[in-house]
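Remarks on the overall topology
The chain contents come next:
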Amino acid sequence: MQLHTASWPEVEAYLKTSTGIIIPIGSTEQHGPNGLVGTDAICPEVIAREAGEASGMLVGPTFNVGVAQHHMAFAGSMTLRPSTMIAAINDWIDSLVRHGFTRIYFLNGHGGNIATIQAAFAESYANWSLDADPCPYQLKLNNWWEMPGVMDVCRSIFPVADGNHATASEVSVTYYAYPDAVKDVEMTPKVAPVGGFADAADYRNRFPDGRIGSDPSQASAEKGAKIVAAARDALVREAGNFFKR
Ligand code: NI
């Protein structure tokens, strides 16, 4: 069930059976020569949508611009400042809590968001911890590729050069979600370099085509279907357990 396509009476009825909601959260940033700019938002969105269809759990709108300052030297990338994202996440949480949601599960698609989402949770809980009242809700963060069994599937499909950014796995998931957006691009070099980075200019200097450690020319919609199936099943279990607590 998706919040976007539900009516308010349907949401009210849902809240009588469950007070849990899944929020896909990602980023809008370059993903190399053949990866979609929306990759990190599309991956959690499609996985959550399929988990919602399989289980009846409610899936909220995708928080689709995150902390991506290091990608800003590539056309199309967008970023929030961490402080902006912390404030926005807290308004999303407060809006849902207002209606009686008590379990909010963020399914994340972007490593660069992790520290900021955790800071947003700390900010939310601090409002209660500084007061005498117990917090009536719980928040959870999980990265889609770290759910049980998912990385095993990715490694079995891409034993070599899945990589760290613009990975063959994530590009495959987006090709499964948007088969008309598949791009056939030759990679030079075949496997991208690895290493650290600081700001956007430094990133582009070290990783000129945007990839880190990956060969995403291995990606396909069929491979993406297998990854989504594993992630969907894991999310149904993980979010289901969290909602029951
Ligand atoms: Ni990504």
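Residues numbered from 1 in each chain as written. Predicted model: local features only at pLDDT ≥ 70, side-chain atom pairs only at ≥ 80, totals over all residues. Heavy atoms only, no water.

A short note on the overall build of the protein
Along its length, the protein carries eight helices and four strands. Along the chain direction, N to C, the helices and strands of the protein fall in the order α-β-α-β-α-β-α-β-α-α-α-α. Computed over the C-alpha atoms, the radius of gyration of the protein is 18 Å, within 12% of the 18 Å expected from 2.2 N^0.38 for a compact globule of 245 residues. In terms of overall dimensions, the protein has a C-alpha envelope of 55 × 35 × 30 Å along the principal axes. Classification of the 245 residues of the protein by burial places 49% in the buried group. Of the contacts formed within the protein by residues at least 6 apart in sequence, a portion of 76% connects residues at least 24 apart. In the form shown here, the protein has an accessible surface area of approximately 11300 Å², with 53% of it arising from carbon and sulfur atoms. Here the protein carries 18 positive and 26 negative side-chain charges, and the mean point of each set is 4 Å from the other. (Helix = DSSP H or I, 4+ residues; strand = E, 2+ residues; numbered from the N terminus. Rg over C-alpha atoms; globule rule 2.2 N^0.38 Å. Buried < 20%, exposed > 50% of the residue type's maximum accessible area, 1.4 Å probe, protein only. Contact = heavy atoms within 4.5 Å. Areas by Shrake-Rupley, 256 points an atom, 1.4 Å probe, with all protein chains shown as cover. Lys, Arg positive; Asp, Glu negative; His and termini not counted. Charge placed at Lys NZ, Arg CZ, Asp CG, Glu CD.)

Things to note about the packing of aromatic side chains
A full pass over the atoms with the stated rule returns 11 aromatic pairs. Ring geometry for Phe74 and Tyr203: centres 5.9 Å apart, planes at 90°, overall edge-to-face. In this pair, Phe74 is assigned in the loop between β2 (58-59) and α3 (82-98) and Tyr203 in helix α7 (residues 200-206), connecting sequence segments 129 residues apart. Of the two residues examined, Phe74 and Tyr203, each falls in the buried class. (Phe/Tyr/Trp six-rings, centres within 6.5 Å; stacked < 30°, edge-to-face > 60°.)

A word on the environment of Phe63
Examined against the element boundaries, Phe63 turns out to sit in the loop between β2 and α3. As a C-alpha pair, Phe63 and Ile23 span 40 residues in sequence and 7.3 Å in three-dimensional space. Every residue in contact with Phe63, bar those within four places of it in the chain, is listed here: Pro24, Ile25, Gly26, Leu80, Met85, Ala88, Ile89 and Trp92.

What about the sheet that holds β2?
The four strands are arranged β2-β1-β3-β4 in an open sheet whose pairing can be described as parallel. Of all strands in the sheet, those with a lone pairing partner are β2 and β4 (138-143), marking the two edges. Taken strand by strand, helix α2 (residues 39-55) contacts β1 (20-25), β2 and β3 (103-108), and its axis lies near 155° from that of β1. (Pairing = 2+ DSSP bridges. Axes fitted to C-alpha atoms, helices over the stretch in contact; angles between N-to-C directions.)

Overview of the pattern of salt bridges
Per the counting criterion, the structure on display carries five salt bridges. Lys190 is paired through a salt bridge with Asp215; the nearest N and O atoms lie 3.5 Å apart. One end of the pair, Lys190, is in the loop between α6 (168-177) and α7; the other, Asp215, is in the loop between α7 and α8 (221-244), with 25 residues separating them in the sequence. When the shortest N-O distance is used, the salt bridge between Arg206 and Asp202 registers 3.0 Å. In this pair, Arg206 and Asp202 both sit in helix α7, four residues apart, roughly one turn of the helix. One connected set of salt bridges, linked through shared partners, spans Glu50, Arg232 and Asp233. (Salt bridge = Lys/Arg side-chain N within 4 Å of Asp/Glu carboxyl O.)

Section: the nonpolar core
One broad rule of soluble globular proteins: the nonpolar side chains tend to lie buried together. Ile22 and Leu235 are the most contacted members of the largest nonpolar core, which totals 50 residues. Looking at which element gives the most residues to this core, the answer is α8, with eight residues. If we ignore the near neighbours within four places in the chain, the residues touching Leu235 are Ile22, Ile47, Ala48, Ala51, Met57, Tyr105, Leu107, Met147 and Gly240. (Core = buried A, V, L, I, M, F, W, Y, C linked by side-chain atoms within 4.5 Å.)

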